[in-house]
Amino acid sequence: MVTAVSKVSLTGIKPTGEPHLGNFIGAIKPALELAGGAESIYFIADYHALTSVRDPELLGRWTRSVAATWLAAGLDPERTIFYRQSDVPEIFELHWVLSCFSAKGLMNRAHAYKAARDRNREAGVEELDAGINMGLFNYPVLMAVDILIMEADLVPVGKDQLQHVEYAADIAGAFNAVYGDSFKLKVPKAVVPTEDTGRTLPGTDGRKMSKSYNNTIPLFAPEAQLRKTVRRIPTDSTPVEAPKDPDSSAVFQLLSHFADHKKLAEVRTRLEAGGMGWGELKNTLQVVLSEQLSPMRERYDALMQPGSELEELLALGAAKARRRAQPVLEQVRKAIGIG
Ligand code: ADP
Ligand code: TRP
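Scoring rules and cut-offs
- Numbers given for residues are sequential positions, taken from 1 along each chain in its written order.
- Lettering of chains starts at A and numbering of ligands starts at 1, both following the order in which they are written.
- For a predicted model such as this one, the threshold for reporting local features is a pLDDT of at least 70, and the threshold for listing and counting side-chain atom pairs is 80 or more; totals across whole chains, interfaces and linings nevertheless cover every residue.
- Here the side-chain values reflect all heavy atoms present in the structure, with hydrogen atoms and water set aside.
- Note on definitions: salt bridges are taken to be side-chain nitrogens of Lys or Arg within 4 Å of carboxyl oxygens of Asp or Glu.
- Each residue's exposure class comes from its accessible area (1.4 Å probe, protein chains only) as a fraction of the maximum for that residue type: buried when under 20%, exposed when over 50%, partly exposed otherwise.
- Numbered from the N terminus, helices here are DSSP runs of H or I no shorter than four residues, and strands are runs of E no shorter than two.
- Two strands are counted as paired when DSSP detects at least two bridges linking them.
- For this purpose, a residue is taken to be near a molecule or strand whenever a single non-hydrogen atom of the residue falls within 4 Å of it.
- Any pair of nitrogen or oxygen atoms within 3.5 Å is treated as a polar contact; in protein, a donor-acceptor pairing is required on top of that, and neighbouring residues in sequence qualify only through side-chain atoms on both sides.
- Three classes are used: nonpolar for Ala, Val, Leu, Ile, Met, Phe, Trp, Tyr, Cys and Pro, charged for Asp, Glu, Lys and Arg, and polar for all others, with Gly counted as polar.
- Note that the domain bounds were set by an automatic or database domain assignment.
- When checking whether two residues touch, look at their non-hydrogen atoms; a contact exists if any pair is within 4.5 Å.
- Summed over both partners, buried area is the accessible surface (1.4 Å probe) that two parts give up on being assembled.
- The method behind every accessible area is Shrake-Rupley, applied with a 1.4 Å probe, and residues are considered shielded solely by the protein chains displayed.

What to know about the pattern of salt bridges
Using the criterion set out here, one finds 17 salt bridges in the structure. Sharing partners across several salt bridges, the network here consists of Arg64, Arg84, Asp87 and Glu311.

Have a look at this one:
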């Protein structure tokens with residue numbers, strides 16, 4: 001009998017802040033929708049965040065917050081493997097081994113490293129590596145290990161991470177070229193959304209919502225803060241009775257990701273006809289966001305309580321992840337002649 005072998009998909013989430021509406025629509029929701037068919041592995045890349053997060057309290061909080069967000073959004077810890085990168089020590093042993101198979105020239109060409117050097121060049125700093133740590137330089141190697149140690153087939157990532165997945169395939173190839181007769185690392189493929197423009201949410205200043213622009217609407221902000229943040233979104237001074245172009249409004253764009261078709265069509269008609277002011281539109285957005293997010297927020301708040309089941313769920317996930325990683329590391333050790 002021939003059985004179809006299902007593909008394993010894996011993705012990592014870097015805990016660099018509280019999750020916002022953009023992360024939810026652009027990353028969390030599509031990833032959970034995709035989880036249906038393939039066997040899925042998700043993890044919080046907390047050691048990757050160390051290249052930029054230097055506040056121990058924040059690193060811990062954001063890691064818990066990202067984990068609680070994915071669980072509250074519907075990630076099923078029974079059907080998926082969900083863990084914290086730092087709970088899987090095998091990753092860090094394999095990191096050394098594979099760094100010995102990672103061409104330095106390849107890392108010299110990595111986008112994030114090159115961008116950091118460009119910033120120094122533009123600032124007139126003579127030493128282009130000034131302020132750049134080895135963590136940033138080695139970042140793609142650690143990411144390759146995340147992928148290769150779990151023998152993932154598919155890696156869904158945004159365009160900005162495509163190069164890193166290609167590096168992972170390259171590093172696997174370099175290892176396989178030497179030891180392929182005794183053990184082969186699985187060569188992964190990136191899955192990049194073909195069209196993600198429709199899923200880009202504007203922030204409170206109309207630019208793309210992003211932590212780096214300080215314009216985010218936190219996914220699970222308390223009601224009062226949500227109301228205040230929505231009210232801050234700038235609008236023009238078109239009077240209430242004047243017809244308005246819904247598509248030019250960041251508030252309407254945000255609404256379009258959360259309201260149902262009927263509600264959206266009704267709001268569009270009223271804006272175009274005139275008679276609906278920006279204030280009322282903001283109230284509508286706030287009500288719709290509350291309706292959609294409250295049930296998730298309740299679960300999130302419960303998970304964020306000290307002593308919640310969050311730690312237990314992550315520990316269970318780590319045990320599953322280690323069971324998957326250990327035989328890979330074992331075979332690598334054997335192949336290279338260690339242990
Ligand atoms: P930020 O720009 O806030 O630092 P990240 O780079 O951490 O966000 O993004 C994590 C994930 O969330 C990525 O997959 C990214 O594509 C998605 N994402 C971030 N901001 C938005 C947005 N405004 N609209 C849609 N998706 C977004
Ligand atoms: N580098 C990814 C990011 O910044 C996070 C990440 C770490 C990752 N390890 C991974 C993503 C492995 C996919 C697979 O978003």
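Anyway, onward from the coordinates.
Topic: the pairing of strand β2 (residues 39-44)
Two faces, one strand: in a regular strand the side chains alternate between the faces of the sheet. Most of β2 is tucked away, with 5 of its 6 residues classed as buried. Sheet topology places strand β1 (residues 8-13) next to β2; 6 bridges connect them, and they run parallel. Bridge assignment links Thr11 to a residue of β2, and that residue is Tyr42. Here β2 pairs with strand β3 (residues 81-84) via 4 bridges, running parallel. Across the sheet, Phe43 pairs through a bridge with Tyr83, a residue of β3.

With respect to the site of ligand 1
Inspection of the region around ligand 1 gives His20, Gly22, Asn23, Gly26, Ala27, Arg199, Thr200, Leu201, Lys208, Met209, Ser210 and Lys211 as its neighbouring residues. Lys211 places a polar main-chain atom, nitrogen or oxygen, 2.7 Å from an oxygen atom of ligand 1. When grouped by side-chain class, the residues that make up the shell around ligand 1 number 3 nonpolar, 6 polar and 3 charged.

Let's talk about the domain arrangement of the chain
On domain assignment, one finds that the chain holds domain 1 (8-200 + 309-336) and domain 2 (220-301). The straight-line distance from the C-alpha centre of domain 1 to that of domain 2 is 35 Å. Counting from both sides, the interface comprises 14 residues of domain 1 and, opposite them, 9 residues of domain 2. Where domain 1 abuts domain 2, roughly 970 Å² becomes buried across the two surfaces, and 68% of that area is made up of carbon and sulfur atoms. Of all residues in domain 1, Leu21, Ile25 and Ala72 give up the largest surface area on contact with domain 2, accounting jointly for 46% of the area buried on that side. Where domain 1 touches domain 2, the interface holds 1 salt bridge. Between Glu309 and Arg299 there is a salt bridge whose closest N-O contact spans 3.0 Å. Linking domain 1 with domain 2 are 2 residue pairs in polar contact (both at pLDDT 80 or more), by the criterion used here. For the side of domain 1 that touches domain 2, the secondary structure elements donating two or more residues are α1 (21-34) and α3 (56-72). Residue contributions to the side of domain 1 that touches domain 2 peak at 4 residues, all from α3.

Section: unusual backbone geometry
Backbone geometry at Glu151 places phi at a positive 50°, although glycine is not the residue there. Its place among the elements puts Glu151 in the loop between α7 (134-148) and β4 (154-156). Exposure remark for Glu151: the relative accessible area of 26% places this residue in the partly exposed category.

Looking at the site of ligand 2
Near ligand 2 there are 14 residues, and of these His48, Tyr139, Met143, Asp146 and Gln161 occur at the shortest range. In this structure, a nitrogen atom belonging to ligand 2 sits 2.6 Å away from a side-chain N or O atom of Tyr139. For ligand 2, a nitrogen atom lies 2.7 Å from a polar atom in the side chain of Asp146. Expressed as a share of its isolated accessible area of 370 Å², the protein-covered part of ligand 2 is 90%. Looking at the shell around ligand 2, the elements that each hand over two or more residues are β1 and α7. Broken down by element, the residue count for the shell around ligand 2 peaks at 4 residues, all from α7.

A few points about the environment of Glu93
Its location among the elements puts Glu93 in helix α4 (residues 90-99). Sequence spacing of Glu93 and Leu329 is 236 residues, and the spatial spacing of their C-alpha atoms is 8.1 Å. Filtering out sequence-adjacent residues up to four positions away, Glu93 remains in contact with Leu329 and Arg333.

Observations regarding the side chain of Arg297
With respect to the secondary-structure elements, Arg297 resides in helix α12 (residues 278-304). Take Arg297: its relative accessible area is 10%, and that puts it in the buried class. From its side chain, Arg297 meets the backbone oxygen of Ala221 in a polar contact 3.1 Å long. The residues touching Arg297, leaving out its near neighbours within four places in the chain, are Phe220, Ala221, Glu223 and Leu226.

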